[in-house]
Amino acid sequence: AVERSAASRGHSSSVVCVALPRPKTLPAGSLWQAVARRRSQRDFGPAPLSGEELFLLLWATQGITQPGRVPRRAAPSPGATYPLETYLAVNRVEGLAAGLYHWKLPDERLMLLVQDLTIGRQAAAACADQAMCAEAACVFFWTAVPARATTRYGEYAQRYICLEAGHVGQSLLLAATGLGLASCPVGALLDGEVNDLLGVDGTTESIVHAALVGRPR
């Protein structure tokens, strides 16, 4: 399903909103086996991810697991303040144009912010010229909106934001492992360049973490 929606975060006036295919049941698999098999893999094959696989990865990190007035997400968050936002630089995913997307919650839809065949190379440049960003099927970027947490937790908010980013990142790596995909966290981020790529100002919203996912070569 595709619809038009008002844009946000400094991008164009309208964007495409995509509902990814959802599995009828969650995949079978052992958490313990995923923990044992998880390794950082930096060599990606050319085959794309399926839309269903991408949905599962997004759901495992920040999907809605308990609907309600304040919908609860897959990863723990301090006081359910949810300071993190998810962006995707999509190189190769079935049914999606290459470009930059934002994961819209609680709708669980992807908003196409910029359609661009060179998004992988731009992501690589913003991640200290790491070519694997252009070779992976997609790059997950997580930003933080500190005010969501600082209003409630003050000086402790930065610690909680870092903890939440770690929870989300590990959930992605384990979910990718469980699906038989290759994944790798990215620590070498040029903050200014990544923020520019995502269209965030670096103050009210800024990059905190990133990771790659794709088919193993």
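Basis of the calculations
Residues numbered from 1 in each chain as written. Predicted model: local features only at pLDDT ≥ 70, side-chain atom pairs only at ≥ 80, totals over all residues. Heavy atoms only, no water. 1 Å grid on protein atoms, 1.4 Å probe; cavity = no way out; pocket = protein on both sides within 12 Å on 5 of 7 lines; lining within 4 Å. Points joined across faces, edges and corners; volume = space filled by probe spheres on them. Helix = DSSP H or I, 4+ residues; strand = E, 2+ residues; numbered from the N terminus. Nonpolar A, V, L, I, M, F, W, Y, C, P; charged D, E, K, R; others polar. Expected span 1.5 Å × (residues − 1). Buried < 20%, exposed > 50% of the residue type's maximum accessible area, 1.4 Å probe, protein only. Contact = heavy atoms within 4.5 Å. Core = buried A, V, L, I, M, F, W, Y, C linked by side-chain atoms within 4.5 Å. Axes fitted to C-alpha atoms, helices over the stretch in contact; angles between N-to-C directions. Left-handed = near helix turned anticlockwise from the far one by under 90°. pLDDT = per-residue confidence, 0-100. Polar contact = N/O pair within 3.5 Å; in protein donor to acceptor, adjacent residues only side chain to side chain.

Here the largest pocket defines a volume of roughly 500 Å³. Forming the boundary of the largest pocket are 17 residues, of which Pro27, Ala60, Leu174, Ala175 and Gly178 lie nearest the centre. Put simply, the parts of the chain that give the lining of the largest pocket at least two residues each are α1 (31–37), α2 (51–62) and α6 (157–178). The biggest single contributor to the lining of the largest pocket is α6, with four residues. There is about 180 Å³ of room inside the second largest pocket. Surrounding the second largest pocket, 15 residues form its lining, Arg73, Tyr82, Glu85, Leu105 and Pro106 being those nearest its centre. Sorting the residues of the lining of the second largest pocket by element identifies β5 (84–90) and β6 (99–104) as the ones contributing at least two each. In terms of residue class, the lining of the second largest pocket is made up of eight nonpolar, three polar and four charged.

When the terminal C-alpha atoms of α6 are compared, their 31 Å separation across 22 residues agrees well with the 32 Å that a helix rising 1.5 Å per residue should span. Buried residues of α6: Ala157, Ile161, Glu164, Ala165, Val168, Gly169, Leu172, Leu173, Leu174, Ala175, Ala176 and Thr177, and no others. In the segment just after α6, Gly180 is the residue with positive phi, at about 75°.

A word on the environment of Phe140. Here Phe140 shows up in strand β8 (residues 138–144). Excluding anything up to four places from it in sequence, Phe140 contacts Leu54, Leu57, Leu58, Thr86, Tyr87, Leu88, Leu172, His209, Ala210, Ala211 and Val213.

This brings us to the nonpolar core. Ranked by internal contacts, the top residues of the largest apolar core, which has 33 residues, are Leu54, Leu57, Leu96, Leu110, Phe140 and Val213. Elements with a minimum of two residues in this core: β2 (14–18), α2, β5, β6, β7 (109–115), β8, α6 and β10 (206–214). Formed by 26 residues, the second largest nonpolar core is a distinct cluster that contains Ile119, Cys133, Leu189 and Leu198.

Relative orientation of the contacting elements α2 and α6 amounts to 145°, with a least axis distance of 8 Å. Note on packing geometry: the crossing formed by α2 with α6 is right-handed. Residues Leu57, Ala60, Thr61 and Gln62 of α2 form the contact with α6, whose own contacting residues are Glu164, Val168, Ser171, Leu172, Ala175 and Ala176. Along the lines of polarity and charge, the residues of the contact of α2 with α6 split into six nonpolar, three polar and one charged.

On to the environment of Cys138. Mapped onto the elements, Cys138 comes out in strand β8. The class for Cys138 is buried, based on a relative accessible area of 0%. Along the chain, Cys138 and Ala211 lie 73 residues apart, while their C-alpha atoms are 8.7 Å from each other. Here Cys138 is in contact with Leu49, Leu54, Ala89, Val90, Asn91, Ala211, Leu212 and Val213, once residues within four sequence places are set aside.

Summarising the model, the protein shows a mean pLDDT of 92, and 93% of its residues fall at 70 or more. Scored below 50 in pLDDT, residues 1–13 makes 39 contacts in the model with residues more than four places away or belonging to other chains.

The end-to-end C-alpha distance of α2 is 16 Å, a good match for the 16 Å that twelve residues give at a rise of 1.5 Å each. For α2, the tally of buried residues reaches ten of twelve residues, placing the bulk of the element in the interior. Those residues of α2 that sit buried are Gly51, Glu53, Leu54, Phe55, Leu56, Leu57, Leu58, Ala60, Thr61 and Gln62.

In this section: the side chain of Thr86. Within the secondary structure, Thr86 sits in strand β5. Among the polar contacts made by the side chain of Thr86, one reaches the side chain of Gln62 at a distance of 2.7 Å. Within the structure, the side chain of Thr86 is placed 3.3 Å from the side chain of Trp142, a separation counted as a polar contact. For Thr86, the residues in contact, after removing those within four places along its chain, are Leu58, Gln62, Tyr101, His102, Trp103, Phe140, Phe141 and Trp142.

In this section: unusual backbone geometry. The amide bond that connects Leu105 to the next residue, Pro106, takes the cis arrangement and shows omega of 10°. Even without being a glycine, Tyr82 presents a positive backbone phi close to 45°. Mapped onto the elements of the fold, Tyr82 is located in the loop between β4 (72–73) and β5. Classification of Tyr82 as buried rests on a relative accessible area of 9%. Within the chain, Glu108 stands out as a residue other than glycine whose phi angle is a positive 55°. Turning to its location among the elements, Glu108 is positioned in the loop between β6 and β7. Classification of Glu108 by relative accessible area gives buried; the value is 7%.

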